[in-house]
Amino acid sequence: IHDLTNQVPIHVQGAVRKFMGKSFDDAPEDYREASSINHIDKKDPPTLLLHGTIDTMAPVWHSDTLSQKLKEIGVPYTYDRIGGWPHVMDYFSPIGERTLWQCYQFLKTHVPSDKMTGSR
């Protein structure tokens, strides 16, 4: 969740409040300050976003908003918005190969290594 001030799912709110040590109503500026969306600048590193559209832990609009902000600021990013997928993208699920491929391509582009041959 990149914006702690806006529509945090009800089942996640307790964890956010525990993390913050107070409620949003008691400290809205602290919540704004803790939201990564408010700290993006053009010197940030390239960013990889993988997000399922039916994620109930962190709604997909968080990554939609973050990708738009990265684009506006000029931070390189890759966003794989995965239709019909929930929060978990473990290796042993059908999405595992797709996410591994995205990670590999992202690293090959932004953190190249002579050990990356380009073949899988």
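Placed above this text is the structure.
Residues numbered from 1 in each chain as written. Predicted model: local features only at pLDDT ≥ 70, side-chain atom pairs only at ≥ 80, totals over all residues. Heavy atoms only, no water.

Peer 1: Explain a nonpolar patch on the surface here, please?
Peer 2: Residues Tyr91, Phe92 and Leu100 make up a contiguous nonpolar surface patch of roughly 410 Å² in combined accessible area. Following the sequence through the fold, Leu100 ends up in helix α4 (residues 96-110). Take Leu100: its relative accessible area is 40%, and that puts it in the partly exposed class. (Patch = residues over 30% accessible without salt bridge, like charges linked within 9 Å, V, L, I, M, F, W, Y side chains within 5 Å. Areas by Shrake-Rupley, 256 points an atom, 1.4 Å probe, with all protein chains shown as cover. Salt bridge = Lys/Arg side-chain N within 4 Å of Asp/Glu carboxyl O. Helix = DSSP H or I, 4+ residues; strand = E, 2+ residues; numbered from the N terminus. Buried < 20%, exposed > 50% of the residue type's maximum accessible area, 1.4 Å probe, protein only.)

Peer 1: What's the story with the pattern of salt bridges in this structure? I'm lost.
Peer 2: In this structure the tally under the stated criterion is four salt bridges. Here Glu29 ties to Arg32 by a salt bridge, and the two come within 3.1 Å at their closest N and O atoms. Of this pair, Glu29 and Arg32 both sit in helix α2 (residues 28-34), separated by three residues, roughly a single helical turn. A residue is classified by how much of its surface remains accessible, and Arg32, at 35% relative accessible area, is partly exposed. Between Arg98 and Asp80 there is a salt bridge, with the nearest N and O atoms lying 2.6 Å from each other. Note that Arg98 is positioned in helix α4 and Asp80 in strand β2 (residues 77-82), a separation of 18 residues in sequence.

Peer 1: Help me understand the environment of Leu66 in this model?
Peer 2: Its place among the elements puts Leu66 in helix α3 (residues 61-73). Under the relative-accessibility criterion, Leu66 is labelled buried at 7%. For the pair Leu66 and Leu49, spaced 17 residues apart in sequence, the C-alpha separation works out to 8.9 Å. The contacts of Leu66, once residues within four sequence positions are left out, are His2, Ile37, Ile40 and Leu49. (Contact = heavy atoms within 4.5 Å.)

Peer 1: Before we go on, may I ask you to explain the environment of Asp80 in this structure?
Peer 2: Under the relative-accessibility criterion, Asp80 is labelled buried at 7%. Separated by 32 residues in the primary sequence, Asp80 and Leu48 have C-alpha atoms spaced 8.2 Å apart. The residues contacting Asp80, other than those within four sequence positions of it, are Leu49, Leu50, His51, Arg98 and Gln102.

Peer 1: What is the right way to read helix α1 (residues 10-20) from this model?
Peer 2: For α1, the complete set of buried residues consists of Val12, Val16 and Met20. Buried residues along α1 cover an arc of 75 degrees about the axis, so they all sit on one side. For α1, exposure combined with an orientation more than 90 degrees from the buried face picks out Ala15 and Lys18. Here the buried face of α1 lies against α2. (Arc of directions from axis to C-beta.)

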